[in-house]
Amino acid sequence: MLIAGNWKMNMDLIAARQLAGALRNSVEASEGVQVAICPPFVALDAAYGILHGSAIQLGAQNMHAADSGAFTGEVSAGMLRSVGCRYVILGHSERRTIFGETDADVKAKVAQALAHRLVPIVCVGEQLEDRDAGREEAVVADQLRGALTDVRLTVPSDIVIAYEPVWAIGTGRTASPEQAQTMHAFIRKELTNLFGADTAAAIDILYGGSMKPDNADELLSQPDVNGGLIGGASLVAESFVALVQAAVRCQ
Ligand code: PEP
């Protein structure tokens, strides 16, 4: 299980230090449940200083696919490693819809993350109109194949998948446990085609989309739901800690 907080473009340095400190003091190491926070780039170094040696690991929200160069405003995998990141969120729906990221972009970033021993949290998920038209599985399959075909993993924990139905992100509307489980099982089947059954069985598939302490248990207790990617509820220490506790209960 992995509970990962996506802070998005929230928290200035002072607020980030406070939240990281509060989490450091209240999240206990638990076998079987990994915990990560993904603050904005400018807070990563400070967050690492606070979290180093704790049960909480660090992730970034995006990166560029190149090693270095004339890419104004971008951040490389090596830079993320140098400030202590273990994870990087790739292909979040906000990157895809607002910044025009394609599956090919995500694929290039996945390869670069793996080459730098960062664990990509690869986000997939359908828009509401896709689900209404009954094509949610086709959309997610295209995203998975587009980003992961020919990717080679050494161990299943090299990568994490996050299923985030776009209609559930930041909307307060959550996929039902049945909807989540059905899609997660479908994703696992696609991962089996890509990586083989043994690897697919051991890859963490997170659910993301308005996960909160009051709906976490029923989502996290689904057999193919191996954790959560948490937006809004990761910005408040009490609710993020409650989500970690839910994961410990449900694993
Ligand atoms: C997200 O953006 O990854 C997310 C899941 O957001 P929220 O929890 O706020 O829906």
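Residues numbered from 1 in each chain as written. Predicted model: local features only at pLDDT ≥ 70, side-chain atom pairs only at ≥ 80, totals over all residues. Heavy atoms only, no water.

You can see Gln-143 is positioned in helix H7 (residues 136–148). Judged by its relative accessible area of 9%, Gln-143 is buried. Those residues in contact with Gln-143 that sit more than four places away from it in its chain are Arg-96, Asp-103, Val-124 and Gly-125. (Helix = DSSP H or I, 4+ residues; strand = E, 2+ residues; numbered from the N terminus. Buried < 20%, exposed > 50% of the residue type's maximum accessible area, 1.4 Å probe, protein only. Contact = heavy atoms within 4.5 Å.)

All right, on to the sheet that holds strand E2 (residues 34–38) then. Ordered in space as E1-E2-E3-E4-E5-E6-E7-E8, the eight strands form a closed barrel in which the pairing is parallel. Taking the axes of each pair of neighbouring strands and ignoring which way they run, one obtains an average angle of 25° across the sheet. Taken together, the four bridges between strand E1 (residues 2–6) and strand E8 (residues 227–230) define a ladder with parallel strand orientation. Counterpart to Gly-5 in the pairing with E8 is Ile-230. (Pairing = 2+ DSSP bridges. Axes fitted to C-alpha atoms, helices over the stretch in contact; angles between N-to-C directions.)

Here the focus is the nonpolar core. Leu-148, Ile-161, Ile-187 and Leu-220 are the most contacted members of the largest nonpolar core, which totals 72 residues. Top contributing element to this core by residue count: helix H11 (residues 237–250), with eight residues. Sequence-distant contacts of Leu-148, that is, excluding residues within four places in its chain, are made with Val-110, Val-122, Ile-159, Ile-161, Leu-191, Leu-194 and Phe-195. Core analysis: the second largest hydrophobic core is formed by 13 residues, Ala-36, Tyr-87, Ile-121 and Leu-229 among them. (Core = buried A, V, L, I, M, F, W, Y, C linked by side-chain atoms within 4.5 Å.)

So, about the site of the ligand. With respect to spatial proximity, 14 residues lie near the ligand, and among them Lys-8, His-92, Glu-164, Gly-170 and Ser-210 are the closest. Note that an oxygen atom of the ligand is positioned 2.7 Å from one of the side-chain N or O atoms of Glu-164. Contact between the ligand and Gly-231: an oxygen atom at 2.8 Å from a main-chain N or O atom of the residue. Burial of the ligand by the protein chains amounts to 97% of its free accessible area of 300 Å². Residue composition of the shell around the ligand, grouped by class: four nonpolar, eight polar and two charged. (Near = heavy atom within 4 Å. Polar contact = N/O pair within 3.5 Å; in protein donor to acceptor, adjacent residues only side chain to side chain. Areas by Shrake-Rupley, 256 points an atom, 1.4 Å probe, with all protein chains shown as cover. Nonpolar A, V, L, I, M, F, W, Y, C, P; charged D, E, K, R; others polar.)

Moving on, we get to the side chain of Gln-61. Along the chain, Gln-61 turns up in the loop between strand E3 (56–60) and helix H3 (77–82). There is a polar contact of 3.0 Å between the side chain of Gln-61 and the backbone oxygen of Lys-8. At a separation of 3.4 Å, a polar atom in the side chain of Gln-61 contacts the main-chain carbonyl oxygen of Pro-39. Apart from residues lying up to four places away in sequence, Gln-61 is in contact with Asn-6, Trp-7, Lys-8, Met-9, Cys-38, Pro-39, Pro-40 and Ile-89.

Our next topic: helix H10 (residues 213–220). Inspection of H10 places Asn-215, Ala-216, Leu-219 and Leu-220 among the buried residues, and these make up the whole buried set. Looking straight down H10, one finds that the buried residues subtend no more than 125° of arc, so they occupy a single side. In the core, the buried residues of H10 are packed alongside E1, helix H8 (177–195), strand E7 (204–208), E8 and H11. (Arc of directions from axis to C-beta.)

Function cannot be read off these values alone, since they describe shape.
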